[in-house]
Amino acid sequence: MTDRTIRNLAHLQRSASTARVLNLLQVWTANGPAEDGAPRDPAWAERPLFRTPALNRALIIKHRLRRDELDLFPGRRHVATKVVIPIDASDLKAGGRFVFVNQYTFDRSMAETFGIASDHPDMAALRLIDALPSLDPFLLREQLRRGGYDPAGCYFSISDADLGRMFVFVQRELEPLVTLSIGPDTDAVNVGLAGRLAEKILSNTSGEQLDALRETLRLPPEQYEEGVFCWKGFLYYKWMLASLLGQVATVADQVLTVKPGGRLDKASRHYIERGRGVLRERIARTCDEVTATLKVYDDAYLRLIEFGEPTAFRDFLLDAPAMFTRLGDQLGAIQHIVTFWRFRFRPGAAPVQGEELIDIFMDFETGLLGRGEMAPDPDALLAA
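Residues numbered from 1 in each chain as written. Predicted model: local features only at pLDDT ≥ 70, side-chain atom pairs only at ≥ 80, totals over all residues. Heavy atoms only, no water.

Asks: Just give me the short version of the overall build of the protein, but keep the residues and values in it.
Replies: When helices and strands are counted, the protein shows 15 helices and five strands. In the protein, buried positions account for 49% of the 384 residues. Partitioning the intrachain contacts of the protein with sequence separation of at least 6 by distance along the chain shows that 69% fall at a separation of at least 24. A total of about 18,500 Å² of accessible surface is found on the protein, and carbon and sulfur atoms cover 52% of it. (Helix = DSSP H or I, 4+ residues; strand = E, 2+ residues; numbered from the N terminus. Buried < 20%, exposed > 50% of the residue type's maximum accessible area, 1.4 Å probe, protein only. Contact = heavy atoms within 4.5 Å. Areas by Shrake-Rupley, 256 points an atom, 1.4 Å probe, with all protein chains shown as cover.)

Asks: Summarise the pairing of strand E4 (residues 79–86); cite the residues concerned and give the values.
Replies: Within E4, seven of the eight residues are buried, leaving the element largely enclosed by the surrounding structure. Note: E4 against strand E5 (residues 96–100), five bridges, orientation antiparallel. Bridging from a neighbouring strand, Lys82 pairs with Phe100 of E5. (Pairing = 2+ DSSP bridges.)

Asks: Any chance you could break down the packing of aromatic side chains for me, citing the residues and the numbers?
Replies: Inspection of the entire model under this criterion finds 23 aromatic pairs. Ring centres of Trp231 and Tyr301 lie 6.2 Å apart, and the angle between their planes is 55°; on these two criteria the pair is classed as tilted. Here the residue Trp231 occupies a position in helix H10 (residues 221–257), and Tyr301 occupies one in helix H11 (residues 266–305), the gap between them amounting to 70 residues. Comparing Trp231 with Tyr301, the two get one shared label, buried. When the centroid spacing of 5.4 Å and the interplanar angle of 10° are considered together, the rings of Phe234 and Tyr297 count as stacked. Of this pair, Phe234 sits in helix H10 while Tyr297 sits in helix H11, and the two are 63 residues apart along the sequence. The pair formed by Phe234 and Tyr297 is uniform in burial state, with each residue classed as buried. Ring-pair connections join several aromatic residues into one group, and the members of that group are Phe138, Phe229, Trp231, Phe234, Tyr236, Tyr237, Trp239, Tyr297, Tyr301, Phe313, Phe316 and Phe324. For the cation-ring pair, Arg64 lies above Phe343, with the distance from its terminal atom to the ring centre recorded as 4.3 Å. (Phe/Tyr/Trp six-rings, centres within 6.5 Å; stacked < 30°, edge-to-face > 60°. Lys NZ or Arg CZ within 6 Å of the ring centre and 35° of its normal.)

Remember, this is a structural readout, not a statement about activity or role.
What follows is the structure in structure tokens.
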């Protein structure tokens, strides 16, 4: 399908959140072939995310489905994974061709467009990505690893837009470490050094400051890159939680008071009333669980900056990926609830009808389930 209304592909490239867009065109531009034909990053060519070149230059987008798109899929869902192939890679305003992962015609569309069969490794990778609640790089990397994929590190970056929003938060997090390293110098000096350290950690660049940090953490060079990646993951999750808490509290309050339009039968009224309490409780529980997990990071960091125990923090970072799956799932679900609610109930939006509100509640409730938990049977709940 061709969509020229994706007129804001260029805008997406500049301002989209990391959790919403995986910009493989930007990855290709930064790491792919240079003027001499050799890749700027050899790992990009040796360990590509997708084997199909056009897919490896696509934009992967977590897309809120419009009402007229719901019938494209089996089952109930409100967010889909859209694969966009730009019509002109040098002019994103031209729009792009797209397909939704796991829509009814997905296999046929991929065979016709890219010549790949349903059992091609790229199809399996796309389905792994579609199973995620968001595209945050730390969750994405662990999901792909569990599926047997190990793409190069250049595929797991934070978007420029989110880096800008994160910077002040990360700088403040690092100020105690700078004070520990150089002593209680002037505030301006410590803030400036923390800012430069934040830039280097967030951008994956090396330098004397990071070499000193590697020595402080007693990490051998082969483990250092992994350790910094994991550290950045926890900084990202802490920032995301801080930015979502106020918004999700507002949504949780509105869940209790939203009034659907139209007439409701007894079963629908019962489900909506049940859903209000269940959703509010699960939102609060999920936020509490995320906070508790992040406290493990805070405690390990405190042992570094207060008690000078670098090995404890090092060991924590190297064990950290095991926590990313649960953190990413939970924060992805919370972010989806916040962004979808603000979109659907924005000023001027059409009133929500009872059937749609039930669908929204079911979608949110399913998203807040832990891996391995069974979603409730909507028909059984409505019949109760």
